[in-house]
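These are the residues of each chain, in order.
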Amino acid sequence: MSEKVLMKGNEAIAEAAIQAGCHHYFGYPITPQTEVAAYMAKRMPKIGGTFLQAESEVSAINMVIGVASTGKRVMTSSSSPGVSLKAEGISYLAGCDLPAVVVNVQRGGPGLGGIQPSQSDYFQSTKGGGHGDYRNIVLAPASVQEMASLTVKAFDLADKYSMVSMILADGTMGQMMEPVSLDVGEVKTYEKPWALTGTKCEREHNIVNSLYLKPEELEVKNFERYEKYKSIEENEVMYEEYLMDDAEVCVVAFGITSRVAKNAINEARANGVKVGMIRPITLWPFPKKVLADAADKCKAFICVEMNMGQMIEDVELAIRCKKPVYLCNRVGGMIPSPEEVLAKINEVNENGGAF
Amino acid sequence: MSVVFEKPKSLTDAVLHYCPGCTHGIIHRLVAEVIDELGIEGETIGVAPVGCAVMAYNYFTCDFVQAAHGRAPAVATGVKRSDPSKIVFTYQGDGDLAAIGTAETVHSAARRENITVIFVNNAIYGMTGGQMAPTTLPGQVTQTSPYGRDVETVGYPVKVCELLSNVDGAAYVERVAVNNVKNIKNAKKAIKKAFQNQIEGKGFSLVEVVSTCPTNWGMTPEKALEWVDEKMLPYYPLGVYKDIYAEEEAK
């Protein structure tokens, strides 16, 4: 299947999940991600898989826990308000060290917000969202092709590290159509000796659990989990660099805004402005090192985000506030135009670099 | 010497943490006996609740997953859909099943999810120290209804079997008790049927077991058993509330 087909981003996620061996999907309708559920409803019965429209997002994520505990690949998807409801289950998945893929096709918030694209769940997905100390791997696709390929990657990482991988997309990525190749390559499988498969009266019972009443044990469990997170931060960081070799101004953007920024950067380059971009693909683990290195070469950073400034905090931390970081943002479902980003690039290029 | 009584194979050697006189021990034993008799120990996956029975996973020898408060039927749905050849049961209390998990309960029944639900109703939140439950009786004193449950302000108890008897998807719903030998025998029959139904693919089966909480009711274990007869059973009458296969046979 190396030929390309024209697909919506949401559909690409659904088909890629199936290709990655996910035969169980639980969802609930919410704009702008409903196509994922609709696609699964069509496809799953044909491959002997499960599509189930749950009575709530809460129930859907708990069904995910059920399948995950048996060791099979499983996914749920939603949009911002629905992901808030899933937060309880995501925390339990973390506490039970269960692998699962959760897709968030973001819309504007808070509350019911709107149905237009947004990136305002950055904090929610990268900093937790549910209770307790935990991390999710968070992948931010910037094309329909990446909606597919990062979904496959998400399943691999979830199984490899036994934890939640999240696809953090937005309404634009979900709704836009682009050519996509669904050639996922070889799907790696992982041993899951902890899975609930029935003891057959041949082994001790397996218990999937997040309760540790003894604080000494719970502390050890948390330490162990953070050792795992440390190795993910060392080994799984993904980012794209664009025209960074001689860049003096560094744009940082993920998802749809990185594409808007690319247009603006091309325009600025045509006018002789030395600007480039670092696009985090993994929002957690965050590409701290490449940003820190860039801080030694660039005079200023610009974060282009569709929120009130969330990723900008991670950029400031990554570069230890060595250089000024400016925010170029639209919110509430508005998308920044290339002209707006270009104007910010020019302004920062002329005046930036000094605190 | 012949053995006339022994611990069911499906129970581990772990010492139960339940309070003296609590009937969870009896109900655990009944479930384990049924698992033994049906020979399904190696194929069974249990789902533990939040509440007094949260550590049920330590007491049964089968595989177990511990669910968030009220979510056991959703987790069980996932387990069962993942591998329909497994026998999947939840073990839940009244706060878990009839308050925070009402939606999961009703909708897993509506889907006729092929799982078995053991619902332990002792009219109080035990684990947290005796607060008003969805099944707390009118007038019953608890930590959060210190003047007695006032139905004018906090409403009425939820009668789960009666409620589910109106859900088309529910296959089998029965209320039993474990406060005397006769009732215990009936309870075991019902629990066995609820597991047998799943083996035969008959769909959602729930057994409500009227139970006691001597500690939080502030009674001796003996008095608590009497209180079941005096107060609980008049409000929660025993019996089969739904059995679609018996109804079909009768036609």
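Chains are numbered independently. Their residues run from 1 in the order of the written sequence. By the order in which they are written, chains take letters starting at A while ligands take numbers starting at 1. Thresholds applied to this predicted model are a pLDDT of at least 70 for local features of residues and 80 or more for the giving and counting of side-chain atom pairs; totals over whole chains, interfaces and linings are not thresholded and use all residues.

(A) Spotlight on the overall build of chain B. The numbering of helices and of strands both runs from the N terminus, where a helix is a DSSP run of H or I of at least 4 residues and a strand a run of E of at least 2. Secondary structure summary: chain B contains 10 helices and seven strands in total. All radius of gyration figures rest on C-alpha atoms, and the globule criterion is 2.2 Å times the number of residues raised to 0.38. The globule rule puts the C-alpha radius of gyration for 251 residues at 18 Å, and the 17 Å found for chain B is close to it. Each residue is represented by a C-beta atom placed from its backbone, and any two residues with such atoms within 7 Å are regarded as in contact. Contacts spanning at least 24 positions in sequence make up 68% of the contacts within chain B whose residues lie at least 6 apart.

(B) A look at the overall build of chain A. Along its length, chain A carries 12 helices and 15 strands. For 355 residues, the compact-globule estimate of 2.2 N^0.38 gives 20 Å, and the C-alpha radius of gyration of chain A, at 21 Å, lies within 12% of that figure. Overall, the C-alpha framework of chain A stretches about 75 × 50 × 40 Å when taken along its three principal axes. With C-beta atoms placed from the backbone, a residue counts as buried when 20 or more other C-beta atoms lie within 10 Å of its own, as exposed when 12 or fewer do, and as partly exposed for counts between those limits. Per-residue burial for chain A yields a buried fraction of 56% across its 355 residues.

(C) Expanded view of the domain arrangement of chain A. Residue and element names in this part refer to chain A. Along its sequence, chain A is carved into domain 1 (4–199 + 221–235) and domain 2 (239–351). Between domain 1 and domain 2, the C-alpha centre-to-centre distance is 27 Å. Domain 1 puts 26 residues into the contact, and the matching count from domain 2 is 22 residues. For the side of domain 1 that touches domain 2, the elements supplying multiple residues, two or more each, are α5 (122–127), β6 (137–139), β7 (164–170), α7 (171–175) and α8 (215–235). Looking at the side of domain 1 that touches domain 2, the element that brings in the most residues is α5, giving four residues. Residue polarity is assigned by list, with Asp, Glu, Lys and Arg as charged and Ala, Val, Leu, Ile, Met, Phe, Trp, Tyr, Cys and Pro as nonpolar; anything else, Gly included, falls into the polar class. Within the side of domain 1 that touches domain 2, the residues separate by chemical class into 13 nonpolar, 10 polar and three charged. An automatic or database domain assignment supplies the start and end points of every domain.

(D) Summary view of the sheet that holds β7 of chain A. All names here are of chain A. Spatial strand order, β3-β2-β4-β5-β7-β6-β13: seven strands in an open sheet with mixed pairing. Edge positions in the open sheet fall to β3 (50–53) and β13 (282–284), since each of these has one partner strand only. If you compare each strand with its neighbour and ignore which way they point, the axes differ by 20° on average. For two strands to be treated as a pair, DSSP must find at least two bridges joining them. As paired strands, strand β2 (residues 24–27) and β3 are joined by four bridges and run parallel to one another. The partner of His24 across the bridge, within β3, is Thr50. Axis lines are fitted through C-alpha atoms, for helices just across the contact stretch, and the angle between N-to-C directions can take any value from 0 to 180 degrees. Strands in contact with helix α1 (residues 9–19) are β4 (74–78), β5 (100–106) and β7; relative to β5, the strand with the most contacts, it is inclined by about 175°.

(E) Expanded view of the sheet that holds strand β2 (residues 63–66) of chain B. The strand order β9(A)-β2(B)-β1(B)-β3(B)-β4(B)-β6(B)-β5(B)-β7(B) describes an open sheet built from eight strands, whose pairing is mixed. The sheet is open, and its two edges are formed by β9 (207–208) of chain A together with β7 (239–243) of chain B, each paired on a single side. Sitting on the sheet, helix α7 (residues 181–199) of chain B touches β3 (87–93), β4 (116–121), β5 (172–177) and β6 (205–210) of chain B, and the angle it makes with β5 of chain B is about 155°.

(F) Representation of the packing of helix α3 (residues 57–69) of chain A against helix α2 (residues 72–82) of chain B within the structure. As a packed pair, α3 of chain A and α2 of chain B sit with axes 6 Å apart at the nearest point and diverge in direction by 45°. In terms of axis orientation, α3 of chain A runs oblique to α2 of chain B. In the packing of α3 of chain A onto α2 of chain B, the handedness of the crossing is right-handed. On the side of α3 of chain A, the interface is formed by Ser59, Asn62, Met63, Val64, Ile65, Gly66, Val67 and Ser69 of chain A, while α2 of chain B contributes Ala74, Val75, Ala76, Thr77, Gly78, Val79, Arg81 and Ser82 of chain B. Looking at the contact of α3 of chain A with α2 of chain B residue by residue, the class counts come to eight nonpolar, seven polar and one charged. Between 65 and 115 degrees an angle is taken as roughly perpendicular, under 35 as roughly parallel, over 145 as roughly antiparallel, and anywhere else as oblique. The handedness criterion is simple: a crossing whose near helix is rotated anticlockwise from the far helix by less than a right angle is left-handed, and one whose near helix is rotated clockwise is right-handed.

(G) A look at the interface of chain A and chain B. In this complex, chain A contributes 30 residues to the contact, which on the side of chain B involves 29 residues. For the side of chain A that touches chain B, the elements supplying multiple residues, two or more each, are β3, α3, α4 (80–95) and β9 of chain A. Per-element tally for the side of chain A that touches chain B: the top contributor is α3 of chain A, with eight residues. Considered class by class, the residues forming the side of chain A that touches chain B number 11 nonpolar, 15 polar and four charged.

(H) Molecular detail of the environment of Asn58 of chain B. Residue and element names in this part refer to chain B. Inspection of the secondary structure puts Asn58 in the loop between β1 (44–48) and β2. For Asn58, a count of 16 C-beta atoms within 10 Å translates into the label partly exposed. Setting aside residues no more than four positions away along its own chain, Asn58 makes contact with Thr12 and Ala14.

(I) Layout of the nonpolar core. Counting residues in hydrophobic clusters, the biggest one holds 184 residues, and the most contacted among them are Ala100 of chain A together with Ile118 and Val209 of chain B. The leading source of residues in this core is helix α6 (residues 144–161) of chain A, at 10 residues. Leaving out residues up to four positions away in the same chain, Val209 of chain B has contacts with Ile27, Ile118, Phe119, Val120, Asn121, Val176, Ala177, Val178 and Ala187 of chain B. To form a nonpolar core, buried Ala, Val, Leu, Ile, Met, Phe, Trp, Tyr and Cys residues must be joined through C-beta atoms within 7 Å.

(J) Structural detail: α7 of chain B. Residue and element names in this part refer to chain B. The span you would expect from a helix comes to 1.5 Å times its residue count less one. Taking 1.5 Å per residue as the helical rise, α7 with its 19 residues ought to reach 27 Å, and the 27 Å between its terminal C-alpha atoms agrees with that figure. Taken together, the buried positions of α7 are Asn183, Ala187, Lys188, Ala190, Ile191, Lys193, Ala194, Phe195, Asn197 and Gln198. Check the buried side of α7 and you find it contacts α1 (24–38), β3, β4, β5 and β6. Just downstream of α7, Gly201 is the residue with a positive phi angle, here 70°.

(K) Summary view of the pairing of β7 of chain A. All names here are of chain A. Buried residues dominate β7, accounting for seven of its seven residues. Alternating positions in β7 separate into two faces, Val164, Met166, Leu168 and Asp170 on one and Ser165, Ile167 and Ala169 on the other, with burial throughout. Here β5 pairs with β7 via seven bridges, running parallel. The partner of Ala100 across the bridge, within β7, is Val164. Sheet topology note: the β6/β7 ladder contains three bridges and is parallel. Each bridged residue has a counterpart across the sheet, and for Leu139 the counterpart in β7 is Ile167. By convention a crossover is right-handed if, when the strands point away from the viewer, the path from the first strand over the helix to the second runs clockwise. For the handedness criterion, the β-α-β arrangement of β6, α6 and β7 is classed as right-handed.

(L) Structural detail: the pairing of β5 of chain A. Residue and element names in this part refer to chain A. Counting buried residues along β5, seven of its seven residues qualify, which places the element largely inside the surrounding structure. Because side chains alternate across β5, one face comprises the buried residues Ala100, Val102, Asn104 and Gln106, and the other comprises Val101, Val103 and Val105, equally buried. When β4 meets β5, the two strands line up parallel, connected through four bridges. When the bridges of β5 are listed, Met75 appears paired with Val101. On the question of chirality, the crossover connecting β4 to the parallel β5 by way of α4 is right-handed.

(M) Examining helix α12 (residues 338–351) of chain A more closely. Residues and elements named next belong to chain A. Over its 14 residues, α12 runs 20 Å from end to end, which matches the ideal 20 Å to within 8%, given 1.5 Å per residue. Among the residues of α12, Val341, Leu342, Lys344, Ile345, Val348 and Asn349 are the ones counted as buried. All buried residues of α12 fall inside an arc of 160° around its axis, so they share one side. Facing away from the buried side of α12 by over 90 degrees, the exposed positions are Glu339, Glu350 and Asn351. Where α12 is buried, its residues touch β11 (249–252), α9 (256–270), β12 (275–280), β14 (300–305) and β15 (325–329). What the arc measures is the spread of directions leading from the helix axis to the C-beta atoms.

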